[in-house]
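Next come the chains, spelled out residue by residue.
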Amino acid sequence: INVTSLYERENKGSMWASTENNGIFNVENENAQKLDLPGLDSLYITQVLEDEQDNLWIGTRLSGILKISFDSGFKKVLGLVFFKGEASLHSPSVLLEDHEKNIWAGSLGEGMIQYIPDQFTFYDLQEISDAKEAGPGVQISKSEYWFGTDLGIMRGKYIETEKRFEWTLNPEKALKNV
């Protein structure tokens, strides 16, 4: 089994393990229980994120992002969240839940999407900088985000009065002391 990502389930004593064409497993101690959902075995899963509402977000290579809701032990696939078109990510390399419970996704050569329930905002990396890939991300404060890219660390600062992000990437300074 080729494990593609691990995600710690906070305060639950277990983790999610995603795989290439073999589904998702809940791993606790040395026991692994496969998530029994039709179709997951045929997907190359790149990322898994469990949000504070216990929804499971699954990033796949070439199939976008799935959102699964667990209701009283019942598993229900809510469907693809990010579609083709302006707001699309075919192969997400990062999933992040921010302090406001919004979901962020970044992808190789496609950019980043911020998902506020029922609203998508797409950020094209090539319009912001010369970066081609958004990697791991972290939210520092309510208005400040940092994402790893193929060219260094990119900073996004939300300008509340203008309702937009100001993105900066300075590869010469981003990792200067590493």
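Just so it is clear, the structure is predicted and the values come from calculations on it, not from any experiment. (Residues numbered from 1 in each chain as written. Predicted model: local features only at pLDDT ≥ 70, side-chain atom pairs only at ≥ 80, totals over all residues. Heavy atoms only, no water.)

Asks: What is the right way to look at a nonpolar patch on the surface in this model?
Replies: A contiguous nonpolar surface patch, about 330 Å² in accessible area, is contributed by Ile 1, Val 3 and Leu 6. Mapped onto the fold, Val 3 is located in strand E1 (residues 3–9). (Patch = residues over 30% accessible without salt bridge, like charges linked within 9 Å, V, L, I, M, F, W, Y side chains within 5 Å. Areas by Shrake-Rupley, 256 points an atom, 1.4 Å probe, with all protein chains shown as cover. Salt bridge = Lys/Arg side-chain N within 4 Å of Asp/Glu carboxyl O. Helix = DSSP H or I, 4+ residues; strand = E, 2+ residues; numbered from the N terminus.)

Asks: I would appreciate a short explanation of the packing of aromatic side chains in the present structure.
Replies: How two aromatic rings sit relative to each other is given by the distance of their centres and the angle of their planes. Summed over the entire model, instances satisfying the criterion amount to twelve aromatic pairs. Through a chain of ring-to-ring contacts, three or more aromatic side chains come together here, namely Trp 104, Tyr 123, Tyr 145, Phe 147, Tyr 158, Phe 165 and Trp 167. Above the face of the Tyr 44 ring, Arg 61 is positioned so that its terminal group lies 4.1 Å from the ring centre. (Phe/Tyr/Trp six-rings, centres within 6.5 Å; stacked < 30°, edge-to-face > 60°. Lys NZ or Arg CZ within 6 Å of the ring centre and 35° of its normal.)

Asks: Please clarify how the sheet that holds strand E4 (residues 31–34) should be interpreted in this entry.
Replies: Within a sheet, each strand pairs with its neighbour through backbone hydrogen bonds, oriented either parallel or antiparallel. Spatial ordering of the open sheet is given by E1-E2-E3-E4, a layout of four strands whose pairing is antiparallel. Edge positions in the sheet fall to E1 and E4, since each of these pairs with one other strand and no more. Direction aside, neighbouring strands of the sheet carry axes that sit 25° apart on average. With four bridges joining them, strand E2 (residues 14–19) and strand E3 (residues 24–28) adopt antiparallel strand pairing. (Pairing = 2+ DSSP bridges. Axes fitted to C-alpha atoms, helices over the stretch in contact; angles between N-to-C directions.)

Asks: Would you mind showing me how to read the pairing of strand E13 (residues 134–141) here?
Replies: The sheet contact formed by E13 and strand E14 (residues 144–149) spans five bridges and is antiparallel. Along E14, the bridge assignment pairs Ser 141 with Glu 144. Counted along the chain from E13 to the antiparallel partner E14, the turn is two residues long.

Asks: Looking at this structure, I do not really get the pattern of salt bridges. What am I missing?
Replies: Two side chains of opposite charge can pair, provided their charged atoms sit close to one another. Here the structure, examined in full by the defined rule, presents eight salt bridges. Here Lys 12 ties to Asp 54 by a salt bridge, and the two come within 2.6 Å at their closest N and O atoms. With Lys 12 in the loop between E1 and E2 and Asp 54 in the loop between strand E5 (45–50) and strand E6 (56–60), the pair connects residues that are 42 residues apart, well separated along the chain. Judged by relative accessible area, Asp 54 falls into the partly exposed class, the value being 33%. As a salt-bridge pair, Lys 163 and Glu 160 come within 2.4 Å of each other at their nearest N and O atoms. (Buried < 20%, exposed > 50% of the residue type's maximum accessible area, 1.4 Å probe, protein only.)

Asks: So what exactly am I meant to see when it comes to the nonpolar core here?
Replies: Across soluble globular proteins, you tend to see nonpolar side chains buried next to one another. With 13 residues, the main nonpolar core has Trp 104, Met 112, Tyr 123, Phe 147, Met 154, Phe 165 and Trp 167 as its most contacted residues. Elements with a contribution of two residues or more to this core: E14 and strand E16 (164–169). Not counting residues up to four positions away in its chain, the partners in contact with Phe 165 are Trp 104, Gln 114, Tyr 123, Tyr 145, Gly 156, Lys 157 and Tyr 158. Membership of the second largest hydrophobic core comes to twelve residues, among which are Trp 16, Val 48, Leu 56 and Ile 58. (Core = buried A, V, L, I, M, F, W, Y, C linked by side-chain atoms within 4.5 Å. Contact = heavy atoms within 4.5 Å.)

Asks: Looking at this structure, how should I read the environment of Trp 146?
Replies: Here Trp 146 lies in strand E14. We classify Trp 146 as partly exposed; its relative accessible area is 29%. Remark: the alpha-carbon pair of Trp 146 and Thr 168, spanning 22 residues in sequence, is separated by 9.7 Å. Excluding its chain neighbours within four sequence positions, the residues that come into contact with Trp 146 are Pro 136, Gly 137, Val 138, Ile 140, Ile 153, Met 154 and Arg 155. One polar contact links Trp 146 to Glu 144, side chain to side chain, over a distance of 2.9 Å. (Polar contact = N/O pair within 3.5 Å; in protein donor to acceptor, adjacent residues only side chain to side chain.)

Asks: Is there a simple way to think about the layout of surface pockets in this case?
Replies: Here the idea is plain: a probe the size of a water molecule rolls over the atoms and shows the empty space left. Computed from the structure, the largest pocket encloses a volume of approximately 540 Å³. Considering the residues around the largest pocket, the lining is formed by 24 residues, among which Tyr 7, Glu 10, Leu 49, Glu 50 and Glu 97 are closest to the centre. Residue assignment for the lining of the largest pocket shows that the elements contributing at least two residues are E1, E5, strand E9 (92–97) and E13. No other element matches the five residues that E1 contributes to the lining of the largest pocket. Residue composition of the lining of the largest pocket, grouped by class: seven nonpolar, six polar and eleven charged. Taken as a whole, the second largest pocket holds about 260 Å³ of empty space. At the level of secondary structure, the elements contributing two or more residues to the lining of the second largest pocket comprise strand E11 (111–116), strand E12 (119–123) and E16. It is E12 that contributes the most residues to the lining of the second largest pocket, three residues altogether. Classifying every residue of the lining of the second largest pocket gives five nonpolar, five polar and six charged. (1 Å grid on protein atoms, 1.4 Å probe; cavity = no way out; pocket = protein on both sides within 12 Å on 5 of 7 lines; lining within 4 Å. Points joined across faces, edges and corners; volume = space filled by probe spheres on them. Nonpolar A, V, L, I, M, F, W, Y, C, P; charged D, E, K, R; others polar.)

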